[in-house]
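So you can see what is in the structure, the chains are spelled out below.
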Amino acid sequence: QKNETGIKSKTVTCLIRGWNKMSVDEAQRALHDSLCVVRNLVRDSRVVYGGGAAEVTMSRAVSDEADKQRGIDQYAFRAFAQALDAIPMTLAENSGLDPIKVLSSIKSKQIKEDVSYVGVDCLGNDSDNMKELFVVDPFIGKKQQILLATQLCRMILKIDNVIISGKDEY
């Protein structure tokens, strides 16, 4: 775009106004979050289905892998799958829906129809098809969330292991 002097500019100024400081702060946070999403999509344009659909798909895959494990490793896989299920359950609960009913419905539809785009419809559109509703999350953000959560769990388990054994493993 050209500015008033006719020079091409890559700079934009956003003037944020509101009724009070709290509404201005909220608008500023929303603008920042939007810019972060755009930045992430510029870095990697891939998206995954939102509304908890990606988490349910991952949970199913982890549960399937748990069936192949033997011994105590199976419990870790199942706990990881349950942790992934907490996302769609929280979305459903915050939307005033029955979380257990919604989660079981999503899982059964994903399994029966062999699709990954079935998720929680938080707005009551009577559709759980995140593809049709165009509910997506940037892949890079979702990947980072899972990696950070996994690293945190590993750190906690390592600390717990050190405390139980009474010595440092290094």
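That block above? That's the structure.
Quick caveat: nothing in here was measured; it's all calculated off a predicted structure.

(A) Just the environment of V24, in detail. Here V24 is to be found in helix 1 (residues 21–43). Residue class for V24 comes out partly exposed when judged on its relative accessible area of 23%. Distance in space between the C-alpha atoms of V24 and V12 is 18 Å, their sequence separation being 12 residues. Non-local contacts of V24, meaning those with residues more than four positions away in its chain, are made with I16, R17 and G18.

(B) Structural context of the packing of helix 2 (residues 53–68) against helix 4 (residues 99–113). Where helix 2 meets helix 4, the axes come as close as 10 Å, and the angle between the chain directions of the two elements is 70 degrees. Judged on the interaxial angle alone, helix 4 and helix 2 are roughly perpendicular. For the crossing formed where helix 2 meets helix 4, the hand is right-handed. Each of A53, V56, T57, S59 and R60 in helix 2 lies in contact with helix 4, whose residues at this interface are L103, I106, K107, Q110 and I111. Grouping the constituent residues of the contact of helix 2 with helix 4 by class yields 5 nonpolar, 3 polar and 2 charged.

(C) Region of interest: the pattern of salt bridges. Tallied over the full model, the rule gives 9 salt bridges. Put simply, R29 and E26 hold a salt bridge, and the shortest N to O gap is 2.9 Å. Here the residue R29 and the residue E26 both occupy positions in helix 1, the gap between them amounting to 3 residues, near one helical turn. One salt bridge in this structure joins K109 and D128, with 2.7 Å as the shortest N-O distance. Of this pair, K109 sits in helix 4 while D128 is found in the loop between helix 4 and helix 5 (130–133), placing the two residues 19 residues apart along the sequence. Residue D128 is classed as buried on the basis of its relative accessible area of 19%. Residues joined by salt bridges that share partners form a network here, namely E55, D137 and K142.

Rules and cut-offs
- Residues numbered from 1 in each chain as written.
- Predicted model: local features only at pLDDT ≥ 70, side-chain atom pairs only at ≥ 80, totals over all residues.
- Heavy atoms only, no water.
- Helix = DSSP H or I, 4+ residues; strand = E, 2+ residues; numbered from the N terminus.
- Buried < 20%, exposed > 50% of the residue type's maximum accessible area, 1.4 Å probe, protein only.
- Contact = heavy atoms within 4.5 Å.
- Axes fitted to C-alpha atoms, helices over the stretch in contact; angles between N-to-C directions.
- Parallel < 35°, antiparallel > 145°, perpendicular 65-115°, else oblique.
- Left-handed = near helix turned anticlockwise from the far one by under 90°.
- Nonpolar A, V, L, I, M, F, W, Y, C, P; charged D, E, K, R; others polar.
- Salt bridge = Lys/Arg side-chain N within 4 Å of Asp/Glu carboxyl O.

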